[in-house]
Amino acid sequence: MSTAATPIVDPTASELRHDWTRQEVEALFALPFNDLLFEAQSLHRKYFDPNKVQVSTLLSIKTGACPEDCAYCPQSTRYDTGLEVEKLMEVQKVLEQAKAAKAAGSTRFCMGAAWRSPKNRDMPHVVAMVKGVRDLGLETCMTLGMLTEDQARELAEAGLDYYNHNLDTSPEYYGDIITTRTYQDRLDTLDHVRNSGMKICSGGIVGMGEQESDRAGMLQQLANLPQHPESVPINMLVRVEGTPLESQEDLDPIDFIRMIAVARIMMPASHVRLSAGREEMNEEMHALAYFAGANSIFYGEKLLTTPNPRANKDMALFGKLGINTEELALEQAPETPHPQFYDAARA
């Protein structure tokens, strides 16, 4: 499909590698900070307009009561975080939220449900949400947990553009954070999503006590997929009382910016998204992240169950920095869209 998000050079260029070694990735993290940012910004300008940021809105369509034990997550039934459980939202209420998001400037509407995986009885409802949001002229994204091949195909046929399923961290550190599903389970879901024709949104979380080598390992896994995720969210841990990571030390802001820059270098044609944790970032840190290659944000006051900067604060900063929001033209899809920007609705 044709959107302003399309990279401005051929995405088959030599920078798009899928054979990164751990040593190479760790060497990027070890670069002098100025050299790292120069390389990241140089590549960013080859693939994107450096003064445009894609804006998404995220809505929790089903909150809490998740059986998984992700150590960072307040939605797990295993932790007492005071979160109020909410059942799956009615389709019309979701569409009302999507209309408001579009009016506020979002071009993509993301819907998240706290499930290990969706049950068959839930699929007609989420399919109706996808179709309704697309009818509003928005890109669609969902995160519903693990998917089977059939579920991925059903969502693709409904017109879902993106599916989010994060790897969270490196294979080596993963067991310290989650035990109720394996790393391979996550990779399998990404495989089902890609085979269905949908685009992939996959990244992870930093600041969970991992080492720099674990950050390198997560990016290596993502960049060495047969096709890079079109969207790579980088989350900074939001510490929630009642979760095992509630007392985790703050991540050094420079380490976070390094993560953004290395992700940009390794996956230069992908959108790199500032996700959870932005409430703790000041304007200077935001500006540095955009310079390092971040070109997508979640917009609004809440990300699922954690705070996010108010929308007008983002727009005010965009004005200071001379940044514009990306526009979307779903109605003008070409007859033969580039496969990297495959439109699932045309399957």
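The structure this text deals with has already been given above.
Residues numbered from 1 in each chain as written. Predicted model: local features only at pLDDT ≥ 70, side-chain atom pairs only at ≥ 80, totals over all residues. Heavy atoms only, no water.

Trainee: Quick one: what's the story with the overall build of the chain, residue by residue and with numbers?
Mentor: Helix and strand counts for the chain come out as 11 helices and 12 strands. Buried positions account for 58% of the 347 residues belonging to the chain. (Helix = DSSP H or I, 4+ residues; strand = E, 2+ residues; numbered from the N terminus. Buried < 20%, exposed > 50% of the residue type's maximum accessible area, 1.4 Å probe, protein only.)

Trainee: Provide a residue-level description of helix α3 (residues 91-103), including the pertinent values.
Mentor: Taking 1.5 Å per residue as the helical rise, α3 with its 13 residues ought to reach 18 Å, and the 19 Å between its terminal C-alpha atoms agrees with that figure. The set of residues buried in α3 consists of V94, L95, A98 and A101. Projection of α3 onto a plane perpendicular to its axis shows the buried side chains occupying an angular sector of 115 degrees, all on one side. On its buried side, α3 packs onto β1 (52-62), β2 (108-113) and α4 (123-135). (Expected span 1.5 Å × (residues − 1). Arc of directions from axis to C-beta. Contact = heavy atoms within 4.5 Å.)

Trainee: Tell me what's going on with the state of the cysteines, and back it up with residues and numbers.
Mentor: Scanning the model with the defined rule gives zero disulfides in all. Looking at C141, it has no disulfide partner, and the nearest cysteine sulfur is the one in C110, 4.0 Å off. For C141, a relative accessible area of 4% translates into the label buried. Here C201 is not cross-linked by a disulfide; its sulfur's nearest cysteine counterpart is in C141, at 5.0 Å. (Disulfide = S-S within 2.5 Å.)

Trainee: Report on the packing of aromatic side chains, specifying residues and quantitative values.
Mentor: Applying the stated criterion to the full structure yields two aromatic pairs. Considering the side-chain rings of Y174 and Y183, the 5.2 Å spacing of their centres and the 85 degrees angle between planes classify their relative orientation as edge-to-face. For Y183, a relative accessible area of 10% gives the class buried. Stacked on the ring of W20, the Lys or Arg R17 has its end atom at 4.1 Å from the ring centre. (Phe/Tyr/Trp six-rings, centres within 6.5 Å; stacked < 30°, edge-to-face > 60°. Lys NZ or Arg CZ within 6 Å of the ring centre and 35° of its normal.)

Trainee: Outline the pattern of salt bridges, listing residues and values.
Mentor: Oppositely charged side chains may form a pair once their charged atoms are brought near each other. For the structure shown, the criterion picks out 11 salt bridges. Linking R17 and D19 is a salt bridge whose minimum nitrogen-to-oxygen distance equals 2.8 Å. Across the pair R194 and E230 runs a salt bridge, and its minimum N-O distance is 2.9 Å. Here R194 is found in helix α7 (residues 183-196), whereas its partner E230 is found in the loop between α8 (212-223) and β7 (231-236), with 36 residues between them in sequence. Like R194, the residue E230 is buried in the burial classification. (Salt bridge = Lys/Arg side-chain N within 4 Å of Asp/Glu carboxyl O.)

Trainee: Tell me about the packing of helix α9 (residues 253-266) against helix α10 (residues 283-292), residues and numbers included.
Mentor: The N-to-C vectors of α9 and α10 enclose an angle of 20 degrees; their axes lie 8 Å apart at closest approach. Our classification of the angle between α9 and α10 gives roughly parallel. Where α9 crosses over α10, the handedness of that crossing is right-handed. On α10, the residues that touch P253, F256, I257, I260, A261 and R264 of α9 are M285, L288, A289 and A292. Per-class residue counts for the contact of α9 with α10 are nine nonpolar, no polar and one charged. (Axes fitted to C-alpha atoms, helices over the stretch in contact; angles between N-to-C directions. Parallel < 35°, antiparallel > 145°, perpendicular 65-115°, else oblique. Left-handed = near helix turned anticlockwise from the far one by under 90°. Nonpolar A, V, L, I, M, F, W, Y, C, P; charged D, E, K, R; others polar.)

Trainee: Got a sec to walk through helix α5 (residues 149-158)? Specific residues and values, please.
Mentor: Within α5 the residues assigned to the buried category are Q151, A152, L155, A156 and A158. End-on, the buried residues of α5 take up no more than an arc of 160 degrees, which puts them together on one face. Projecting away from the buried face of α5 at angles above 90 degrees are the exposed residues D150 and E157. Packed against the buried residues of α5 are α4, β3 (139-143), β4 (162-164) and α7.

Trainee: Describe the nonpolar core, listing the residues and the values that go with them.
Mentor: Counting 95 residues, the largest nonpolar core has I61, Y72, M142, L155, L219 and F256 as its most contacted members. In this structure, M142 is in contact with I61, M111, V126, M129, V130, L155, L160, Y162, Y163 and N164, ignoring residues within four places of it in sequence. Formed by six residues, the second largest nonpolar core is a distinct cluster that contains L58, C141, Y162 and C201. (Core = buried A, V, L, I, M, F, W, Y, C linked by side-chain atoms within 4.5 Å.)

Trainee: Go over the pairing of β2, please, and point to the residues and values.
Mentor: Taking burial as the measure, the six residues of β2 include six buried ones, the bulk of the element. Neither face of β2 is open: one carries R108, C110 and G112, the other F109, M111 and A113, and all of them are buried. The sheet contact formed by β1 and β2 spans six bridges and is parallel. When the sheet's bridge partners are listed, S60 is paired in β2 with G112. Handedness of the crossover joining β2 and β3 through α4 is recorded here as right-handed. (Pairing = 2+ DSSP bridges. Right-handed = clockwise from strand over helix to strand, strands pointing away.)

Trainee: Hey, could you go over the pairing of strand β8 (residues 271-274) for me, with residue numbers and the actual values?
Mentor: Consecutive side chains along a regular strand alternate between the two faces of the sheet. Burial of β8 is two-sided: the residues H271 and R273 facing one way and the residues V272 and L274 facing the other way are all buried. One ladder, built from four bridges, connects β7 with β8; its direction is parallel. The partner of I234 across the bridge, within β8, is L274. In terms of handedness, the path from β7 via α9 over to β8 forms a crossover that is right-handed. For the segment spanning β8, α10 and strand β9 (residues 296-298), crossover handedness is right-handed.

Trainee: Summarise the packing of α4 against α5; cite the residues concerned and give the values.
Mentor: Between α4 and α5, the shortest axis-to-axis distance is 9 Å and the interhelical angle comes to 30 degrees. It follows from the interaxial angle that α4 and α5 lie roughly parallel. The two elements α4 and α5 cross, and the hand of that crossing is right-handed. When α4 is examined against α5, the residues M123, V126, V127, V130, K131 and R134 are found in contact with a partner set consisting of Q151, E154, L155 and A158. Along the lines of polarity and charge, the residues of the contact of α4 with α5 split into six nonpolar, one polar and three charged.

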